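Chains, contacts and geometry: an overview
One letter stands for each residue in the lines below.
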Amino acid sequence: MSSAELSVFIRAIGVHTPERKLTNAELSKMVDTSDEWIKTRSGIAERRIAAPGENPSDMGAKAAAKALERAGLTPADVDLLIVATMTPDVPFPSTACLLQAKLGLRRDIPCFDVSAACSGFVYALQVAKDMMRSGAYRRTLVIGSEKLSSVVDWSDRTTCVLFGDGAGAVLLETTPEKNVGLLGNLLGADGNNSELLHCIGGGSAAPATTDSLRDGKHFLRMNGKEVFRHAVRVMAESCERVLAQCDVKSEQVAWFIPHQANSRILEAVASQLNVGMDRFPSNLERYGNTSAASIPLALEEAWTDGKLKHGDLVLIVAFGAGLTWGATLLRWHEPPR
Ligand code: ACO
């Protein structure tokens, strides 16, 4: 069989979230906000906050170890590692290399990060799939891991209420079987709107100085209203385009797993697609927006809750800073528990 015919499916999945919960009530003591405002505008009740020294490579390694354990595999079985993160442990080396060392993966494998903010997991899935379909890599760990608490300005009520920390990992594997796993996908970007959600300090353009620290340039800044508008339009369009590409009707999709940005964004996307919210599982209430970790976290939860069944069509869709977006249609392959 020619290697071009290989499919790529999710063989196993694992997650890790920090212990510490930060509730809306606690946030109300830190900034001028309320549980009612946060819940109504975002659907979030609490989020997890990583402990000092608990970094994306640590959380990602724990999520990946869980996926490997569930698959009955060891680190030696992994042929490729891709980490999606917008909060890398350090500017360099990549979080993937740090994670490789923590997990004890082989040294003869490529390990690299993908930078596409909240769309990072969907981007990484497609990169992995395209590298694997050639037959060069049999098993790949794709990990979304974020410590957004490290880039949030805890005095800015317009952003600090929305984000949280966590990690999710999938172990992808190739199979000669047809019509399984990752079926169709689409990625896009619009750098002309990069200033809608960004962090301008700490890179080579504006290295850390006492002035830049004083001016809070190392924090995430967002134009919430504009991001909201773009997110709804682009997420709905991406779903429609992937469905058309795969010749699948939205009624045939069992579950939509969107990036968990905000419950009102999810409701608006579902409404544009004419799909009921009962097919849009969400864990926003407990985790907030965990960027690249949010889709694997939501996917794992929908599966452990017994929602996802073998053979189900699942459509994942993301939107994030960049701006970036992406969608992937997959046929769910029941992973080991
Ligand atoms: N608590 C209380 N009041 C607040 C808070 C808060 N936490 N934040 C803002 N307000 C105030 C504002 O100051 C404003 O007051 P004003 O009318 O006196 O000026 C008022 O509430 C309304 O503010 P808006 O910004 O108009 O509120 P909006 O309804 O747009 O909701 C929100 C803000 C929740 C940020 C919304 O715009 C949104 O969800 N945007 C998308 C954000 C998002 O999901 N980003 C990430 C997606 S991409 C990614 O994941 C990287």
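Note that the structure is predicted; figures quoted are calculated from it, not measured. (Residues numbered from 1 in each chain as written. Predicted model: local features only at pLDDT ≥ 70, side-chain atom pairs only at ≥ 80, totals over all residues. Heavy atoms only, no water.)

1. A short note on the packing of helix H3 (residues 56-71) against helix H4 (residues 95-103)
With their axes 9 Å apart at the nearest point, H3 and H4 run at an angle of 50 degrees to one another. By the criterion of interaxial angle, the relationship of H3 to H4 is oblique. Handedness of the crossing formed by H3 with H4: right-handed. Residues Pro56, Ser57, Asp58, Gly60, Ala61, Ala64 and Ala65 of H3 form the contact with H4, whose participating residues are Thr95, Leu98, Leu99, Lys102 and Leu103. Split by residue class, the contact of H3 with H4 holds seven nonpolar, three polar and two charged. (Axes fitted to C-alpha atoms, helices over the stretch in contact; angles between N-to-C directions. Helix = DSSP H or I, 4+ residues; strand = E, 2+ residues; numbered from the N terminus. Parallel < 35°, antiparallel > 145°, perpendicular 65-115°, else oblique. Left-handed = near helix turned anticlockwise from the far one by under 90°. Contact = heavy atoms within 4.5 Å. Nonpolar A, V, L, I, M, F, W, Y, C, P; charged D, E, K, R; others polar.)

2. So, the domain arrangement of the protein
Its domain assignment divides the protein into domain 1 (3-178) and domain 2 (182-331). Domain 1 and domain 2 are separated by 14 Å when their C-alpha centres are compared. Between domain 1 and domain 2, roughly 3800 Å² of surface is buried when both sides are summed, and carbon and sulfur atoms account for 63% of that area. Its largest share of buried area at the contact with domain 2, domain 1 owes to Cys118, Val122 and Tyr123, together 16% of the area lost on that side. Summed over the shared surface of domain 1 and domain 2, the number is three salt bridges. Glu300 is the partner of Arg70 in a salt bridge, and the nearest nitrogen-oxygen pair spans 2.9 Å. (Domains from an automatic or database assignment. Buried area = accessible area lost by both parts, 1.4 Å probe. Salt bridge = Lys/Arg side-chain N within 4 Å of Asp/Glu carboxyl O.)

3. A few points about the environment of Ser212
Mapped onto the fold, Ser212 is located in helix H7 (residues 210-214). Counting along the chain gives 11 residues from Ser212 to Gly201, while the straight-line C-alpha distance between them is 6.8 Å. For Ser212, the contacting residues outside a window of four places in its chain are Pro207, Lys217 and His218.

4. Digging into the packing of aromatic side chains
Going through the model one piece at a time under the given rule, you end up with one aromatic pair. With 5.0 Å between their ring centres and 5 degrees between their planes, Phe256 and Phe280 make a pair best called stacked. Within this pair, whereas Phe256 is found in strand S11 (residues 255-258), its partner Phe280 is found in the loop between helix H9 (263-273) and helix H10 (284-287), the two being separated by 24 residues in sequence. Residue Phe256 shares its accessibility class with Phe280, and that shared class is buried. (Phe/Tyr/Trp six-rings, centres within 6.5 Å; stacked < 30°, edge-to-face > 60°. Buried < 20%, exposed > 50% of the residue type's maximum accessible area, 1.4 Å probe, protein only.)

5. Comments concerning the site of the ligand
Taken together, 24 residues sit near the ligand, with Thr33, Arg41, Cys118, Lys225 and Asn262 positioned nearest. Taking Asn289, its side chain carries an N or O atom lying 2.6 Å from an oxygen atom of the ligand. When isolated, the ligand has an accessible area of 1000 Å², and the protein chains bury 75% of it. Among the secondary structure elements, those contributing two or more residues to the shell around the ligand are helix H2 (35-42), helix H6 (157-160), helix H8 (224-245), H9 and strand S12 (313-320). At four residues, H8 tops the list of elements feeding residues into the shell around the ligand. Across the shell around the ligand, the residue classes break down as 12 nonpolar, seven polar and five charged. Shared between two domains, the shell around the ligand holds at least three residues of each, these being domain 1 (3-178) and domain 2 (182-331). (Near = heavy atom within 4 Å. Polar contact = N/O pair within 3.5 Å; in protein donor to acceptor, adjacent residues only side chain to side chain. Areas by Shrake-Rupley, 256 points an atom, 1.4 Å probe, with all protein chains shown as cover.)

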